[in-house]
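Summary of the model geometry
The primary structure of each chain is shown beneath.
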Amino acid sequence: MLRFLLGFGWLSSCLLLLAACNQPQEHIAGAIRPEDSVPMMTSYGVNTLISDSGVIKYRIVTERWEVNTTRQPSRWEFMKGIFFEQFDEQFHVQGYIQADTAWYYDQQRLWKLRGRVTLRNIDGLVYTSEELYWNGITHEFYSTVFSRLVTPERTMEGTYFRSNEQMTRYTVTNSQGSFLASDFDDPEPADTATIPKPNQP
């Protein structure tokens, strides 16, 4: 009888083990890919000063600032809008930039600004567009979408824009807009005698 119980117990253990092996296993998801990773830092209600080479150059105001160094390329994200102020060495405001969303790619030192982008400099120039890039290496702004540039003297619109950081030297191509007549005036000829006269009737 004891031999029968021991045999039955051994057989039951084998059957339970086999049943356990045949049950479906839980599927475990793979590791999160770097491009799907969450930010390593999120700050709310930011109002901070940014220095460049030890000199305070900018103020950043934003509702939400995310820093993600695991995504490639690594970036800062401003999905709730951003406002910049730019200062000179005496801490005087030289201009401002604002946009609905922005990304800063720190390795390339490149800003990408999207949605109701507005830029104004100390000379009263106002630039508006839906997209603007700011290259911190070449110190240039550029855009390949429709842009509008308004100065105290003229208004220009075009689909290609490039400028230095101070917005004092800029190019607008594929443009249309209003210009001063003097923009198209030819200089007076040096020698009027060389200009042929029309035949008299």
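Residues numbered from 1 in each chain as written. Predicted model: local features only at pLDDT ≥ 70, side-chain atom pairs only at ≥ 80, totals over all residues. Heavy atoms only, no water.

Examining the overall build of the protein
To keep things clear, this is the line we draw: The way it works is that DSSP assigns letters per residue, a run of H or I at least four long becomes a helix, a run of E at least two long becomes a strand, and they are numbered from the N terminus. Relative accessibility decides the category of a residue: with a 1.4 Å probe and only protein chains considered, values under 20% of the type maximum give buried, values over 50% give exposed, and everything between is partly exposed. Contacts between residues were defined by any pair of non-hydrogen atoms, one from each residue, lying within 4.5 Å. Using the Shrake-Rupley algorithm and a 1.4 Å probe, accessible areas are obtained, with residue cover drawn only from the displayed protein chains.
For the protein, the count of helices and strands is one helix and 14 strands. Looking at the protein as a whole, 30% of its 201 residues qualify as buried. Sequence-distant contacts, at least 24 apart, represent 32% of the contacts inside the protein between residues at least 6 apart. For the protein, the accessible area works out to roughly 14,100 Å², and carbon and sulfur atoms hold 56% of it.

What to know about the side chain of N135
Heads up, the condition is: Contacts described as polar in this section are N or O atom pairs within 3.5 Å, which, within protein, must combine one atom able to donate a hydrogen with one able to accept it, while residues neighboring in sequence count only if both atoms come from side chains.
By the secondary structure assignment, N135 is in strand β8 (residues 126-135). At a separation of 3.1 Å, a polar atom in the side chain of N135 contacts the main-chain amide nitrogen of T138. The contact partners of N135, leaving out residues within four places of it in the chain, are R109, L110, E140, Y142 and E165.

Examining the side chain of E165
To be explicit about the condition: Positive: Lys, Arg. Negative: Asp, Glu. His and the chain ends are not part of the count. Think of a salt bridge as a Lys or Arg side-chain nitrogen and an Asp or Glu carboxyl oxygen that are within 4 Å of each other.
Considering the arrangement of structural elements, one finds E165 in the loop between β12 (160-164) and β13 (170-173). For the buried E165, no salt bridge is present, and the opposite-charge side chain at shortest range is K57, 6.7 Å distant. A polar contact is formed between the side chain of E165 and the side chain of W134, at a distance of 3.0 Å. If sequence neighbours within four positions are ignored, E165 has contacts with Y58, Q86, W134, N135, H139, E140 and F141.

Looking at unusual backbone geometry
In this model, F91 sits at a positive phi of 70°, which is unusual for a non-glycine residue. In this structure F91 comes out as partly exposed when scored by relative accessible area, which is 39%. With phi around 60°, M167 is a residue other than glycine that occupies positive phi space. With respect to the helices and strands, M167 occurs in the loop between β12 and β13. Residue M167 is classed as buried on the basis of its relative accessible area of 2%.

What to know about the nonpolar core
One broad trend across soluble globular proteins is that nonpolar side chains are buried collectively. For clarity, the cut-off: We call a set of buried residues a nonpolar core when its members are Ala, Val, Leu, Ile, Met, Phe, Trp, Tyr or Cys and they connect through side-chain atoms within 4.5 Å of each other.
The biggest cluster of nonpolar side chains holds 26 residues, and the ones touching the most others in it are I82, W111 and L113. Listed by contribution, the elements that provide at least two residues to this core are β2 (55-68), β4 (82-87), β5 (93-99), β6 (101-105), β7 (110-121) and β8. Contacts of W111, omitting those with residues within four sequence positions, involve I60, W76, F78, I82, F84, A102, W103, Y104, L132, Y133 and W134.

Some thoughts on the pairing of strand β3 (residues 75-78)
Quick note on the threshold: Paired strands are those between which DSSP finds at least two bridges.
With three bridges connecting them, β2 and β3 associate as antiparallel partners. In the strand pairing of β3, N68 is matched with R75. Hairpin remark: β2 followed by β3, antiparallel, with six residues in the connecting loop. In the sheet, β3 pairs with β6 via three bridges, with the strands oriented antiparallel. Looking across to β6, one finds that E77 is bridged to W103.

Focus on the pattern of salt bridges
Under the defined criterion, the tally for this structure stands at six salt bridges. With its nearest N and O atoms 3.0 Å apart, the salt bridge here joins D100 to R116. Linking D100 in the loop between β5 and β6 with R116 in strand β7, this pair joins segments that are 16 residues apart in sequence. Look at D100 and you get partly exposed, because its relative accessible area is 30%. Residues E157 and R148 are paired through a salt bridge, measuring 2.3 Å at the closest nitrogen-oxygen approach.

Quick look at the confidence of the model for the protein
How we decide: pLDDT is a residue-level measure of predictor confidence that goes from 0 to 100.
Mean pLDDT for the protein: 77, with 68% of residues reaching 70 or above. Across residues 1-11, confidence stays below pLDDT 50; counting only partners more than four residues off in sequence or on other chains, it has zero contacts. The low-confidence segment residues 187-201, where pLDDT is below 50, has one contact with residues more than four positions distant or belonging to other chains.

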